Amino acid sequence: DARVTQTPRHKVTEMGQEVTMRCQPILGHNTVFWYRQTMMQGLELLAYFRNRAPLDDSGMPKDRFSAEMPDATLATLKIQPSEPRDSAVYFCASGLPRGGETEAFFGQGTRLTVV
Amino acid sequence: GEDVEQSLFLSVREGDSSVINCTYTDSSSTYLYWYKQEPGAGLQLLTYIFSNMDMKQDQRLTVLLNKKDKHLSLRIADTQTGDSAIYFCAVGSSGNTGKLIFGQGTTLQVKP
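Bear in mind that the values here come from a model prediction, so they are computed numbers and not experimental data.

(A) Structural view of the environment of A:Arg111. Residue and element names in this part refer to chain A. Mapped onto the elements, Arg 111 comes out in strand β13 (residues 110-114). Here the alpha-carbon distance between Arg 111 and Ser 87, two residues 24 residues apart in the chain, equals 7.7 Å. Those residues in contact with Arg 111 that lie beyond four places of it in its chain are Arg 9, His 10, Lys 11, Ala 88 and Val 89.

(B) View of the pairing of strand β4 (residues 31-37) of chain B. Residue and element names in this part refer to chain B. Of all 7 residues in β4, 7 are buried; the element is thus mostly enclosed. Of the two faces of β4, the one carrying Tyr 31, Tyr 33, Tyr 35 and Gln 37 and the one carrying Leu 32, Trp 34 and Lys 36 are both buried. Pairing of β4 with strand β5 (residues 43-50) involves 7 bridges; the strand directions are antiparallel. When the bridges of β5 are listed, Tyr 33 appears paired with Tyr 48. Between the antiparallel neighbours β4 and β5 lie 5 residues, among them Gly 40 with a positive phi of about 75°. Note that β4 and strand β9 (residues 85-92) share 6 bridges and pair antiparallel. By the bridge assignment for β9, Gln 37 is matched with Ile 86.

(C) Examining the state of the cysteines more closely. Considering all chains together, one arrives at 2 disulfides over all chains under this definition. Across a sulfur-sulfur distance of 1.9 Å, A:Cys23 and A:Cys92 are joined as a disulfide pair. Where A:Cys23 bonds to A:Cys92 through sulfur, the torsion about that S-S bond is close to -60°, and the disulfide is left-handed. Here the residue A:Cys23 occupies a position in strand β3 (residues 19-24), and A:Cys92 occupies one in strand β9 (residues 88-95), the gap between them amounting to 69 residues. Of the two residues, A:Cys23 and A:Cys92, both sit in the buried class. Disulfide pairing places B:Cys22 opposite B:Cys89 at an S-S distance of 2.0 Å. Because the torsion about its S-S bond is -60°, the bridge between B:Cys22 and B:Cys89 counts as left-handed. Here B:Cys22 is found in strand β3 (residues 18-24), whereas its partner B:Cys89 is found in strand β9, with 67 residues between them in sequence. Each of the two residues, B:Cys22 as well as B:Cys89, counts as buried.

(D) Representation of the layout of surface pockets. Space inside the largest pocket adds up to approximately 540 Å³. Lining the largest pocket are 24 residues, and of these A:Gln37, A:Thr38, A:Met39, B:Gln37 and B:Ile86 lie nearest its centre. When residues of the lining of the largest pocket are traced back to their parent elements, those giving at least two are β4 (31-38), β9 and β13 of chain A together with β9 of chain B. Ranked by residue count, the leading element in the lining of the largest pocket is β9(A), at 3 residues. Here the lining of the largest pocket is composed, by residue class, of 9 nonpolar, 12 polar and 3 charged. The calculated volume of the second largest pocket comes to roughly 410 Å³. If you trace the second largest pocket, you find 20 residues lining it, with A:Arg3, A:Phe106, A:Gln108, B:Leu43 and B:Gln44 closest to the centre. Elements with a minimum of two residues in the lining of the second largest pocket: β1 (5-7) and β12 (105-106) of chain A together with β4 and β5 of chain B. Of the residues that constitute the lining of the second largest pocket, the class distribution is 10 nonpolar, 7 polar and 3 charged.

(E) Just the interface of chain B and chain A, in detail. The partner chain A presents 21 residues to the 21 residues of chain B that form the contact. Counting across the chain B and chain A interface gives 0 salt bridges. At the surface where chain B touches chain A, the tally comes to 5 residue pairs in polar contact (both at pLDDT 80 or more). Put simply, the parts of the chain that give the side of chain B that touches chain A at least two residues each are β4, β5, β9 and β10 (100-102) of chain B.

Rules behind the numbers
- Residues numbered from 1 in each chain as written.
- Chains lettered and ligands numbered in written order.
- Predicted model: local features only at pLDDT ≥ 70, side-chain atom pairs only at ≥ 80, totals over all residues.
- Heavy atoms only, no water.
- Helix = DSSP H or I, 4+ residues; strand = E, 2+ residues; numbered from the N terminus.
- Contact = heavy atoms within 4.5 Å.
- Buried < 20%, exposed > 50% of the residue type's maximum accessible area, 1.4 Å probe, protein only.
- Pairing = 2+ DSSP bridges.
- Disulfide = S-S within 2.5 Å.
- 1 Å grid on protein atoms, 1.4 Å probe; cavity = no way out; pocket = protein on both sides within 12 Å on 5 of 7 lines; lining within 4 Å.
- Points joined across faces, edges and corners; volume = space filled by probe spheres on them.
- Nonpolar A, V, L, I, M, F, W, Y, C, P; charged D, E, K, R; others polar.
- Salt bridge = Lys/Arg side-chain N within 4 Å of Asp/Glu carboxyl O.
- Polar contact = N/O pair within 3.5 Å; in protein donor to acceptor, adjacent residues only side chain to side chain.

See below:
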């Protein structure tokens with residue numbers, strides 16, 4: 001059963017601490033997306049990678065957020081230092097391009113609470 | 001930039017049909033998608049339609065596409081309580097970037 005796996009599922013941390021979220025894309029998928037979901041903003045694209053290279057991270061606050069793909073089976077999203085306004089559900093999705101687009105398969109998300 | 005708009009809330013009675021609407025500004029998308037999000041879960045691809053089609057039926061789901069008006073709809077026949085969820089419309093971004101632009105999501109409430 002191929003699925004996108006995200007860890008941790010829940011994270012509570014204090015303001016100022018570093019947070020690392022991990023994602024294992026579906027084997028064979030070469031495109032990975034990071035989305036953030038909040039009540040106010042809905043679903044926002046933070047960054048996405050193709051073949052491990054960042055294609056677009058314009059949605060990500062550069063001063064505190066960083067996204068990487070150390071290898072094809074792992075994507076990470078790091079926040080340092082974290083702030084209460086970063087509280088949200090962070091989704092990773094993976095896919096394969098077709099016809100100029102990529103059908104995205106989502107993980108269960110990491111619910112982050114920064115207090 | 002691209003924009004995808006949906007109404008935020010829809011309430012129907014069990015057994016009725018539900019129609020969730022979506023409008024978009026960019027018409028270059030090859031595929032248009034509907035995702036479903038149940039409470040506490042990720043988004044699950046529900047169905048999609050190729051942009052050169054105007055209708056697609058998949059069991060209780062019917063997707064209608066009006067390219068001229070840039071309007072997409074999802075009809076759920078015989079709506080069940082298990083259909084209660086948030087439904088997201090998504091279209092491909094212009095410029096062949098491969099990324100999807102999502103609407104705000106429509107919360108469907110099904111009353112018994």
